[in-house]
Amino acid sequence: MVSYQGKQVVVIGLGITGLSCVDYFLAQNVIPKVIDTRNVPSGLDKLDKKVPYYLGGLNLDWLLAADLIIASPGIALSTPELQQAMANGVEIIGDIELFCREVNQQTDKKIVAITGSNGKTTVTTLVGDIVKAAGINVGVGGNIGQPALTLLEQNCDVYVLELSSFQLETTYSLHATVATILNVTEDHMNRYPQGLMQYAAAKQKIYLNARYCLINQDDKLTFPPHDANVISFGLRRGDYHLSDNDTYLVAQGENVLATDKINLIGRHNYLNALAALAIADKLAIDRKSSLTTIAHFQGLAHRFELVLKKDGISWINDSKATNVGSTEAALNSVVCHGKLFLLLGGDGKAADFTPLLPYLQNRSVELFCFGRDRFILAKLLPESTTVTETLAQAMQIIATKVKTGDVVLLSPACASLDQFKNYIERGVVFRQLAEKLTENMGISSCQ
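Read on for a plain summary of the structure. (Residues numbered from 1 in each chain as written. Predicted model: local features only at pLDDT ≥ 70, side-chain atom pairs only at ≥ 80, totals over all residues. Heavy atoms only, no water.)

### Some remarks on unusual backbone geometry
Here is step 1: Residues other than glycine seldom take positive phi values, yet Asn-29 does so here, at roughly 60°.
Here is step 2: Inspection of the secondary structure assignment puts Asn-29 in the loop between helix 1 (16-26) and strand 2 (33-36).
Here is step 3: Its identity as a non-glycine residue notwithstanding, Asn-155 has a phi of 50°, on the positive side.
Here is step 4: Mapped onto the elements, Asn-155 comes out in the loop between helix 6 (148-151) and strand 8 (158-162). (Helix = DSSP H or I, 4+ residues; strand = E, 2+ residues; numbered from the N terminus.)

### Focus: the sheet that holds strand 15 (residues 305-310)
Here is step 1: Ordered by their spatial adjacency, 6 strands build an open sheet running 15-16-20-17-18-19, and the pairing between neighbours is mixed. Each having just a single partner strand, strand 15 and strand 19 (385-387) make up the two edges of the open sheet. Taken over all neighbouring pairs, the strand axes of this sheet differ in orientation by 15° on average, direction set aside.
Here is step 2: Summarising the sheet, strand 15 and strand 16 (residues 313-317) pair through 5 bridges and their orientation is antiparallel. (Pairing = 2+ DSSP bridges. Axes fitted to C-alpha atoms, helices over the stretch in contact; angles between N-to-C directions.)

### As for helix 10 (residues 287-296)
Here is step 1: If you check which residues of helix 10 are buried, you get Ser-290, Leu-291, Thr-293, Ile-294 and Ala-295.
Here is step 2: Looking at the packing, one finds that the buried side of helix 10 touches helix 5 (120-133), strand 13 (248-251), strand 14 (254-258) and helix 9 (267-282). (Buried < 20%, exposed > 50% of the residue type's maximum accessible area, 1.4 Å probe, protein only. Contact = heavy atoms within 4.5 Å.)

### What to know about the pairing of strand 18 (residues 365-370)
Here is step 1: With 6 of 6 residues buried, strand 18 lies mostly within the body of the structure.
Here is step 2: Here strand 18 shows no split at all, with Val-365, Leu-367 and Cys-369 on one side and Glu-366, Phe-368 and Phe-370 on the other all buried.
Here is step 3: Pairing of strand 18 with strand 19 involves 3 bridges; the strand directions are parallel. Residue pairing in the sheet places Cys-369 in a bridge with Val-387 of strand 19.

Purely geometric numbers; function is a separate question.
Encoded structure:
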């Protein structure tokens, strides 16, 4: 274990990740100080009584007196108090950096590191399932599920980590066996005032010291900025790609799995499957085993999830589409033989919505825009848009219009926090409303 004995440590953030950091230091008999900008943080009741804490802001005296600051991913390094601490010579890292320093001391361990604007949770979960099915002791976490530090207790052979750009900003010692940026599209522009390239640069940190870099052949922003051992996936090109008409997954020139044998739906999910297969191959996992797991993978809730289908009408919950790129992927994947009823809305996080236009033009589509940025979204197709304040109001109107062959797609292109607790609650509400509103139409839940 890396020793921090004698260090003055400050942990910023009292969520589950912050608490995992506190436990990590307490195990070394190092008592950190804890800061949370909230007045009543949710993790306060779980904090060890001997740990001092400061709430409601950033305690500059504590920060300047620290030897080491563990910053929550939600706190930008550009925060003035952190800038002052860095100028004072204080080291600032995140929990992923602590994790990497520990794993780097064990040469027999492998790390798979996955990031991207969209699809990273699906790919992370799928890779974890593939490794587990192969009989290998695997830990899955990071930006999803368990905090990375808690995975150390499981003594895994392979760690599969989903990493956000925020986490990568404070990570310096990652040595991944396979690292990938699945895609880069505009997101979190309120955190990256210099624009898309600043956001992409944060993602690029995942490739430092990686044995293999898995790139998206169709997205140059996923290419490493340095010489690297590169493998690739893409729509029609790359080491792993889709066949013409999207009928097969193709791996290194060989048709390996028919897409109609895969439970996942949508072209973007086939690309996710290709990325997972490429990673599994580099982990030397038997390909037959990998393909079996891919075929049976059910996908994740709120990610292009078919929640209702009957009488020729499909209702798809893609509430996790909290940015424009994710909605682009959904529109590129959706198969609709009638009219597409597209639900857009929420907090756009200062995003530019115009990249959606090519996916909306020259197709039978009607937009229903709700939430904070509904009027901005309505400008996309003003002649084919209904504006409502809430998702419920929009769905009530849609229920009176849908016919056989139509698709109702919630893919909001926005964050949910203007009207919902999170994207999960938004997706649950969508499903509940769909079930309630279609009762009289005889439509039942998809099993």
